[in-house]
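# Tertiary structure, described
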Amino acid sequence: MTGSTDSKSSITSDGATTAQARRSDATRTAILAAARERFAADGYERATIRAIAKDARIDPSMVMRYFGSKEGLFAAAVALDLRLPDLGQVPREEVGRALVTHFLDLWEENEELTAVLRVGATNQAGAARMQDIFRDQLLPVTRQVCPDPEQVPTRAALCAAQLLGLALTRYVLRLPPAVALPREELVAWLGPTVQRYLTAPSP
């Protein structure tokens, strides 16, 4: 009889654990859905944990329990598609200018991308999100034109340093000289540098 009782207890325990996991997944999904809508509607700065929790119909402490902070929640909620151009279809001597122009368009049209950069500079979850974007989206584009496959990660990192540095100074820190530069001048300055990172022989 003891064995039968233990077996029933095990089944009950397993069922309770499964039910708890499902509730946990449902709560996490509800929080992320509410956060995406709230960040899209209010922007990163104005969106609050309290408002997101209200939309998800849970206590604000639950948001903190699952994501730790507003920055962590934002990093988990936002999925960014950089919509990078197919550099294989761009004349080889123009790939640097094409990439700089594309990123300027992105920074100016997509506030979420600027917010992710701001979060990534100060928060581990945000930094991890930026690393995912780098690995999944910029590496494949760099691979299309890099003359040495073994150097793809290094060259992509150099491109990221240039492009993210531009975004940080122009759109986050808003340094006056960086903000004042016309797009044409930015492309003229940065295009050849990014071109060298992508296609030049190894120094």
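Cut-offs used in this document
Residues numbered from 1 in each chain as written. Predicted model: local features only at pLDDT ≥ 70, side-chain atom pairs only at ≥ 80, totals over all residues. Heavy atoms only, no water. Helix = DSSP H or I, 4+ residues; strand = E, 2+ residues; numbered from the N terminus. Contact = heavy atoms within 4.5 Å. Polar contact = N/O pair within 3.5 Å; in protein donor to acceptor, adjacent residues only side chain to side chain. Phe/Tyr/Trp six-rings, centres within 6.5 Å; stacked < 30°, edge-to-face > 60°. Axes fitted to C-alpha atoms, helices over the stretch in contact; angles between N-to-C directions. Parallel < 35°, antiparallel > 145°, perpendicular 65-115°, else oblique. Nonpolar A, V, L, I, M, F, W, Y, C, P; charged D, E, K, R; others polar. Core = buried A, V, L, I, M, F, W, Y, C linked by side-chain atoms within 4.5 Å. Buried < 20%, exposed > 50% of the residue type's maximum accessible area, 1.4 Å probe, protein only. Salt bridge = Lys/Arg side-chain N within 4 Å of Asp/Glu carboxyl O.

## As for the environment of Arg 170
As for its placement among the helices and strands, Arg 170 is situated in helix 8 (residues 152-172). Sequence separation between Arg 170 and Leu 181 is 11 residues; the distance between their C-alpha atoms is 9.0 Å. Residues in contact with Arg 170, not counting those within four places in the same chain, are Leu 104, Glu 108, Ala 178, Val 179, Leu 181, Arg 183 and Leu 186. In this structure the side chain of Arg 170 is engaged in a polar contact, spanning 2.7 Å, whose partner is the backbone oxygen of Ala 178.

## Comments concerning the packing of aromatic side chains
Taken as a whole and assessed by the stated rule, the structure comprises 4 aromatic pairs. When the ring of Tyr 66 is compared with that of Phe 67, the centres are 6.4 Å apart and the planes differ by 40 degrees; the resulting orientation is tilted. Clustering of aromatic rings is evident, with ring pairs tying together Phe 103, Trp 107 and Tyr 171.

## Examining the packing of helix 5 (residues 95-109) against helix 6 (residues 111-120)
Packed helices, taken two at a time, are described by the angle their axes make and the gap between the axes. The geometry of helix 5 relative to helix 6 is characterised by a closest axis approach of 5 Å and an angle of 90 degrees between their N-to-C directions. With respect to helix 6, the axis of helix 5 lies roughly perpendicular. Residue-level contacts link Leu 106, Trp 107 and Glu 109 of helix 5 to Glu 111, Leu 113, Thr 114 and Leu 117 of helix 6. Of the residues assigned to the contact of helix 5 with helix 6, the class counts are 4 nonpolar, 1 polar and 2 charged.

## Some points on the nonpolar core
Core analysis: the biggest nonpolar cluster contains 54 residues, and Phe 39, Leu 73, Phe 74, Phe 103 and Leu 198 have the highest contact counts within it. With 8 residues, the single largest contributor to this core is helix 8. The residues touching Phe 74, leaving out its near neighbours within four places in the chain, are Phe 39, Tyr 44, Glu 112, Ala 115, Val 116 and Val 119.

## Quick word on the environment of Ala 180
Tracing the chain through its elements places Ala 180 in helix 9 (residues 176-180). Ala 180 gets classed as exposed once you look at its relative accessible area, which sits at 58%. The spatial distance from the C-alpha of Ala 180 to the C-alpha of Arg 170 is 8.6 Å, given a sequence separation of 10 residues.

## Here's the deal with the side chain of Gln 137
Structurally, Gln 137 is set in helix 7 (residues 124-145). According to the relative accessible area criterion, Gln 137 is buried, its value standing at 18%.

## A short note on the pattern of salt bridges
Counted by the stated rule, this structure contains 9 salt bridges. Three or more residues joined by partner-sharing salt bridges are found here, namely Asp 105, Glu 108, Arg 170 and Arg 183.

## Some remarks on the environment of Ala 53
One can find Ala 53 in helix 2 (residues 49-56). Ignoring anything within four residues of it in the chain, the contact list for Ala 53 reads Ile 58, Asp 59, Pro 60 and Val 63.

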